[in-house]
Amino acid sequence: MLVNGQMEVLRRFDGAMDGCPETPNLEESTGLVWLFAQGETGPEYRLYGFARDEIFPGQYQGLVAGDAPRGRFAIGQEEFLVRLDTGEKQKIPQNGTMRRRYTAVTSEASAYNLLKENGDYVGSYLETADGLLAGTKIEFMPCGWYLCRRNGTALLLDPAGRRQETLPFGTVHHSVGWPSPAFSVLYWGGGWRLYNAGGLCAEGSDGYAVLTSLGGGRYALVTWQDGEDAACALLSTEGKLLIEGLDEIEATELPGIWSVRRGDSVGLMDEAGNWLWIGSAYTLSALQRPAPPSL
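This one's a predicted model, so the numbers in the text were calculated from it and none came from an experiment.

So, how was this worked out
- Residues numbered from 1 in each chain as written.
- Predicted model: local features only at pLDDT ≥ 70, side-chain atom pairs only at ≥ 80, totals over all residues.
- Heavy atoms only, no water.
- Pairing = 2+ DSSP bridges.
- Helix = DSSP H or I, 4+ residues; strand = E, 2+ residues; numbered from the N terminus.
- Axes fitted to C-alpha atoms, helices over the stretch in contact; angles between N-to-C directions.
- Phe/Tyr/Trp six-rings, centres within 6.5 Å; stacked < 30°, edge-to-face > 60°.
- Lys NZ or Arg CZ within 6 Å of the ring centre and 35° of its normal.
- Core = buried A, V, L, I, M, F, W, Y, C linked by side-chain atoms within 4.5 Å.
- Buried < 20%, exposed > 50% of the residue type's maximum accessible area, 1.4 Å probe, protein only.
- Contact = heavy atoms within 4.5 Å.

## Description of the sheet that holds strand S21 (residues 191-196)
Pairing within the open sheet is antiparallel, and its 4 strands lie in the order S19-S20-S21-S22. In this open sheet, the two strands that pair with only one neighbour each are strand S19 (172-176) and strand S22 (199-204). In this sheet, neighbouring strand axes are inclined to one another by 20° on average, regardless of whether the strands run parallel or antiparallel.

## Notes on the packing of aromatic side chains
Counted under the stated rule, the structure contains 12 aromatic pairs. For the pair Phe73 and Phe80, a centre-to-centre distance of 6.2 Å together with 20° between the ring planes defines the contact as stacked. Ring geometry for Tyr187 versus Tyr208: centroids 5.4 Å apart, planes at 35°, classification tilted. One end of the pair, Tyr187, is in strand S20 (residues 183-188); the other, Tyr208, is in strand S23 (residues 208-215), and 21 residues separate them in sequence. Through pairs of rings, three or more aromatic residues link up here, namely Phe56, Tyr60, Phe73 and Phe80. Over the ring of Phe80 we find Lys89, and its NZ or CZ is 4.2 Å from the ring centre.

## A few points about the nonpolar core
One finds Val176, Ala182, Phe183, Val185, Trp192, Leu194, Ala202, Ala209, Leu211, Tyr219, Leu221 and Leu235 forming the largest nonpolar core, which totals 12 residues. At the level of secondary structure, the elements contributing two or more residues to this core comprise S20, S21, S23 and strand S24 (218-224). Those residues within four positions of Leu221 in sequence are excluded, and the remaining contacts are Trp192, Leu194, Ala209, Val210, Leu211, Ala231, Cys232 and Ala233. Counting residues in hydrophobic clusters, the runner-up holds 11 residues, among them Ala104, Phe140, Leu147 and Leu155.

If you want it as structure tokens, here you go:
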């Protein structure tokens, strides 16, 4: 069953033996639940969308990133994409005995993995108006595409698939957000970069970085440098650094108020970096850490 915060039943899934959220905020437009049931011919994987109150037709195969929420489905031998917000169906073209497994689709380009009939991986391709680009991995970024090549280097491409830059050997890519990522982090042995929809918004000359969503359009950017502990900063969706120089940050139940640790101090801080409550990290156990004030 799908229930709300008051434990009221919103939807029953009769016949489903298991399930879990595919997206974290189930009551939003992209709220999705993955379901498992035993069908006549074997296991069946289905997808339920909260906004349309619909179990989508066909066997569910996975989510597809892009400029709109999409999923991959199959009925028998036919495979297709479905716009999860509108229900629009798009048949997936076949490459002989090969199968396309789309990972991202936009109005300007689409990325897919090509698989043999037995499921073995062949390669990754970016299809644009100018043709095909091949790589070992292709991922959607908020400002374009990341394409990893067989020689270990990578390319940074614009939304239409045009090359912008060749990236250093061993570059790693990580995105946050679906269906369209809010941020992408690139890091390698010599530094890191952070990109949002406007392009490059932050960078470091050494170490590496990891980004995690804190909800409400706020993100924790954690960076490491050689021989130094991690440093944490609070970021907005626009890429603005709201609070810097933290050792830890966690969301509270109140928007704009954060549970943080800076050096020997722990407490509550607002987005201007002002302490609302402060104590010693050495005298407070985890159970004694401050809770957000009640409204």
